[in-house]
Amino acid sequence: MRVLYATLPGRFPTVGYDPGPWWDSIAVDSRYQLSSYSINFDWWTVLIGQSFTRLLLEPLSPLERQHRRAAWCANGLDVDGLAAAAAGALKRCQNPSTYRSRESYIESLAPLHAFIALINRVQSEFLVDVDVGPHVRNVDYSDSRSLVDYSRSSGLLSRSIDAAIAKVPTTDDVVLFSITCPEDLLTALMTTRKLRSRRPDIHISLIDHGYENFSLSGTIETLRARRTLDSVFDTIISSKDERDEAVPALLEAIVAGRSPKGIIRRRDIPLPSREPPAAGMPFPPPPTFAPESILWTRLSKRRCYWSRCTFCSQNAKFDVPKAPMHSEILASLDRIAAYAEAGYNQFMFSDEALSPSSLNLFANELTRRGLHIKWACRSKLERAHTPDLFNRLGESGCFEILFGVETISQRILALMDKVTEGLDAVNVAAAFRAMTDAKVGIHVTLIAAFPSETVEEVRQTVAFIGHTLSACENATFALNEFQLFADTPIGRMPSEFGLSETGKPGDICGPLSYKLAASLVDEGDRVRSEMPRIRNELDVMLGWLDIEAIPGGPLARHLYFYSGHGAIFKSRADNPFANLLHASQLPRQENPRPSSSIAAAE
């Protein structure tokens, strides 16, 4: 039986996303011919190039096409020329020489930045965003019926997906999808319809729908009752915890002549499934717009060891309330070694937060085995993050740790349930300095506009982070605005956190609207209105504002902060973005910044 795992049109591809240990089980089973295909890579290649014009103008008559081209010319838009330059930029993203300097990187991305802005200007169906891919205007992404209805549309997005799947084999018996956001869900629905039109008897399964703050788990029973998504997909595996057992069991059922339907749990498939082999049969590196093979993966399938933050919905995608076990960390080493042998030279571990003891164990085991990889991870800053630990991590190949600092206000940290005794601003600054000494980079996330937070508290946090990171190397940061999610302590008990009203959640996970209690409204409005100014101040403190004014600069900065491109730079000893305050002044360019900017880079 032919089984295809396909990556859907979505975020700008710079890393390969690990399907999970289920792949290892199926890859060694002689009953299956397992393969993978990145529809996403082909979608970006189709969209960013001269085929865009053909797809855009395809429904028009010859006369209408002439009129459209004349309008572009009258507005000074060289669509074909910009398309060709942007296609060249995609190829340069795959060339190591592009990453030798700030200037070469930014200049290489400038045509891509300009063309994405042009796409968003000359058509009104969807916005192109490097974080999510196509975001359709006027579609309710919180409602499954809205997405299912739109999946039948025949606009530019539909035509671009048709072009992207042109090389997908038509001989597969089963196709498996994973999604990471509501935008992926829509492209999954559209792709499913198109693949089924080519082969009606194909079985298409949505096997994973949990990523970061996104998951269908919290609304899965509502979706089961509404019969919306499973009217398109043959099966949907409801539990992320069960995925690695459920996928082999599903395929065994299909081979045996039984074809499960609907939203299913592992118990719904009464056939034995095989345990994944100790050493993985690696998922082959997919094509990306990066010069190295980077794997986005996990050390454990368990949730964050802290699991207490009142604002966080990331644990909602897990059924089992267990933190990673040391035995799982050790067991993952064999799989990582196999993937390194297969050509992956960087690993980005996306576990929500690995404890200091887990990191210490992992680093020591890498050293003991002589396994030389470059890797990044996430953790919660603790007193156990000592200079000695950072040195061990750096020596084992760790080039970056993401820490959710959120705020330095002890009052707000208490409301977030994220206070660590004995860890004040002085200790945080010392930890960051120790990371730089150990040559381990840092990405800091902050949350502003938390209910009851004041402008002064936000400014104190930003001033501290700006001052502290100004002395660090390989430091990036994100100042995020608080978002309310239903499946969080705040979402379940809003009045206890100063919320007077919350919006009704849809059946697709997403942020909820809310209103602050009357006594908090004025200050809350002040915080939100000041956030653009505060973000600019942080950019100035750390030398990033000048890059925003250079053609291609906003996209370059965004991809450096939030994509695999950042891993390429931060894992180098000579990172040209290591500290812009210590670097030579950025060259000024006379070309104005494009007036229409991409959503993800702003």
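Report follows, based on the coordinates. (Residues numbered from 1 in each chain as written. Predicted model: local features only at pLDDT ≥ 70, side-chain atom pairs only at ≥ 80, totals over all residues. Heavy atoms only, no water.)

## Here we look at the overall build of the protein
Moving on, step 1. Of regular secondary structure, the protein possesses 22 helices and 19 strands.
Moving on, step 2. Taking 602 residues into account, the globule formula puts the C-alpha radius of gyration at 25 Å, and the protein, at 24 Å, falls close to it.
Moving on, step 3. For the protein, the spread of C-alpha atoms along the three principal axes comes to 65 × 65 × 55 Å.
Moving on, step 4. By the burial criterion, 57% of the 602 residues in the protein qualify as buried.
Moving on, step 5. In the protein, the share of contacts with a sequence separation of at least 24, taken over all contacts with a separation of at least 6, comes to 79%.
Moving on, step 6. When the accessible surface of the protein is totalled, it reaches about 24100 Å², and 51% of it is carbon and sulfur.
Moving on, step 7. Within the protein, the 71 negative side-chain charges are centred at a point lying 4 Å from the centre of the 65 positive side-chain charges. (Helix = DSSP H or I, 4+ residues; strand = E, 2+ residues; numbered from the N terminus. Rg over C-alpha atoms; globule rule 2.2 N^0.38 Å. Buried < 20%, exposed > 50% of the residue type's maximum accessible area, 1.4 Å probe, protein only. Contact = heavy atoms within 4.5 Å. Areas by Shrake-Rupley, 256 points an atom, 1.4 Å probe, with all protein chains shown as cover. Lys, Arg positive; Asp, Glu negative; His and termini not counted. Charge placed at Lys NZ, Arg CZ, Asp CG, Glu CD.)

## Points about the packing of aromatic side chains
Moving on, step 1. Within the structure shown, the criterion is met by 32 aromatic pairs.
Moving on, step 2. A ring pair is formed by Trp544 and Tyr560, whose centres lie 5.7 Å apart and whose planes are at 25 degrees; its orientation type is stacked. In this pair, Trp544 sits in the loop between helix H19 (518-541) and helix H20 (545-548) while Tyr560 sits in helix H21 (residues 553-562), placing the two residues 16 residues apart along the sequence. Tyr560 shares its class with Trp544; the two are buried.
Moving on, step 3. Put simply, the rings of Tyr99, Tyr105, Phe477, Trp544, Tyr560, Phe561, Tyr562, Phe569 and Phe577 pair up and form one aromatic cluster.
Moving on, step 4. Note that Arg557 overlies the ring of Phe561, its terminal NZ or CZ placed 4.7 Å from the centroid. (Phe/Tyr/Trp six-rings, centres within 6.5 Å; stacked < 30°, edge-to-face > 60°. Lys NZ or Arg CZ within 6 Å of the ring centre and 35° of its normal.)

## Points about the side chain of Arg378
Moving on, step 1. Locating Arg378 in the fold gives a position in strand S14 (residues 374-379).
Moving on, step 2. On the basis of relative accessibility, which here comes to 10%, the residue Arg378 falls in the buried class.
Moving on, step 3. For Arg378, the side chain forms a polar contact with the side chain of Glu212, separated by 2.5 Å.
Moving on, step 4. Leave out the neighbours within four places in its chain, and Arg378 touches Glu212, Trp296, Gln314, Phe349, Ser350, Asp351, Glu352, Ala353, Leu354, Ile401 and Leu402. (Polar contact = N/O pair within 3.5 Å; in protein donor to acceptor, adjacent residues only side chain to side chain.)

## Remarks on the packing of helix H16 (residues 425-437) against helix H17 (residues 455-469)
Two packed helices can be described by the angle between their axes and the distance between those axes.
Moving on, step 1. One way to put it is that H16 packs onto H17 with a least axis distance of 10 Å and a crossing angle of 30 degrees. Comparing their axes, H17 and H16 come out roughly parallel. Our pair here, H16 against H17, has a crossing hand that is right-handed. Across from Ala425, Val428, Ala429 and Phe432 in H16, the residues of H17 making contact are Phe464, Ile465, Thr468 and Leu469.
Moving on, step 2. Looking at the contact of H16 with H17 residue by residue, the classes come out as seven nonpolar, one polar and no charged. (Axes fitted to C-alpha atoms, helices over the stretch in contact; angles between N-to-C directions. Parallel < 35°, antiparallel > 145°, perpendicular 65-115°, else oblique. Left-handed = near helix turned anticlockwise from the far one by under 90°. Nonpolar A, V, L, I, M, F, W, Y, C, P; charged D, E, K, R; others polar.)

## Concerning the pattern of salt bridges
Moving on, step 1. Counting across every chain of the model gives 42 salt bridges.
Moving on, step 2. Where Glu58 meets Arg54, a salt bridge forms, and the shortest distance between an N and an O atom there is 3.8 Å.
Moving on, step 3. A residue is classified by how much of its surface remains accessible, and Arg54, at 47% relative accessible area, is partly exposed.
Moving on, step 4. In this structure, Asp417 and Arg308 form a salt bridge, with 3.0 Å as the shortest nitrogen-oxygen distance. Of this pair, Asp417 sits in the loop between helix H15 (410-416) and H16 while Arg308 is found in the loop between strand S12 (294-297) and helix H12 (326-341), placing the two residues 109 residues apart along the sequence.
Moving on, step 5. Residue classification places Asp417 among the partly exposed residues on the basis of a relative accessible area of 28%. (Salt bridge = Lys/Arg side-chain N within 4 Å of Asp/Glu carboxyl O.)

## Section: helix H5 (residues 79-93)
Residues separated by three or four positions in an α-helix point in the same direction, a consequence of the helix having 3.6 residues per turn.
Moving on, step 1. Helix length check: H5 (15 residues) gives 21 Å between terminal C-alpha atoms against 21 Å at 1.5 Å per residue, within 8%.
Moving on, step 2. If you check which residues of H5 are buried, you get Val79, Ala83, Ala86, Gly88, Ala89, Leu90 and Cys93.
Moving on, step 3. Where H5 is buried, its residues contact helix H2 (39-47), helix H3 (51-57), helix H4 (62-74), helix H6 (102-122) and helix H22 (564-570). (Expected span 1.5 Å × (residues − 1).)

## Re the pairing of strand S15 (residues 398-406)
Each regular strand shows side chains that alternate between the opposite faces of the sheet.
Moving on, step 1. The element S15 is largely enclosed, with a buried count of eight among its nine residues.
Moving on, step 2. Of the pairings in the sheet, the one linking S14 to S15 comprises five bridges and is parallel in character. Looking across to S15, one finds that Trp375 is bridged to Cys398.
Moving on, step 3. With respect to chirality, the unit in which S14 leads through helix H14 (residues 387-395) into the neighbouring parallel S15 is right-handed. (Pairing = 2+ DSSP bridges. Right-handed = clockwise from strand over helix to strand, strands pointing away.)

## Structural notes on the packing of H6 against H21
Moving on, step 1. Contact geometry for H6 and H21: axes closest at 7 Å, N-to-C directions at 110 degrees. Comparing their axes, H21 and H6 come out roughly perpendicular. Contacts between H6 and H21 involve Tyr105, Ile106, Leu109, Leu112 and His113 on the former and, on the latter, Gly553, Pro554, Leu555, Ala556, Leu559 and Tyr560.
Moving on, step 2. For the contact of H6 with H21, the residue count by class is nine nonpolar, two polar and no charged.

## Considering the sheet that holds strand S13 (residues 346-349)
Moving on, step 1. Across the sheet, which stays open at both edges, the seven strands sit in the order S2-S12-S13-S14-S15-S16-S17 with parallel pairing between neighbours. The open sheet is flanked by strand S2 (16-17) and strand S17 (475-481), the only strands paired with a single partner.
Moving on, step 2. In the packing of H14 onto the sheet, contacts are made with S14 and S15, and the angle to S15 comes to roughly 135 degrees.

## Section: the nonpolar core
Moving on, step 1. Ranked by size, the top nonpolar core spans 170 residues in total, and within it Phe177, Leu229, Phe233, Trp375, Phe432 and Leu469 carry the most contacts.
Moving on, step 2. Sort the elements by how many residues they give to this core and H6 lands first, with nine residues.
Moving on, step 3. Discounting residues that sit within four places of it in the chain, Phe432 has contacts with Leu381, Phe403, Val405, Ile442, Val444, Ile465, Thr468, Leu469 and Cys472.
Moving on, step 4. Of all hydrophobic cores here, the second largest spans 17 residues; its members include Ile412, Ile447, Phe450 and Phe482. (Core = buried A, V, L, I, M, F, W, Y, C linked by side-chain atoms within 4.5 Å.)

## Thoughts on H14
Moving on, step 1. For H14, the complete set of buried residues consists of Leu389, Phe390 and Leu393. Axial view of H14: buried residues confined to an arc of 100 degrees, hence all on one face. In H14, the exposed positions that point more than 90 degrees away from the buried face belong to Asp388 and Glu395.
Moving on, step 2. In the segment just after H14, Gly397 is the residue with positive phi, at about 110 degrees. (Arc of directions from axis to C-beta.)

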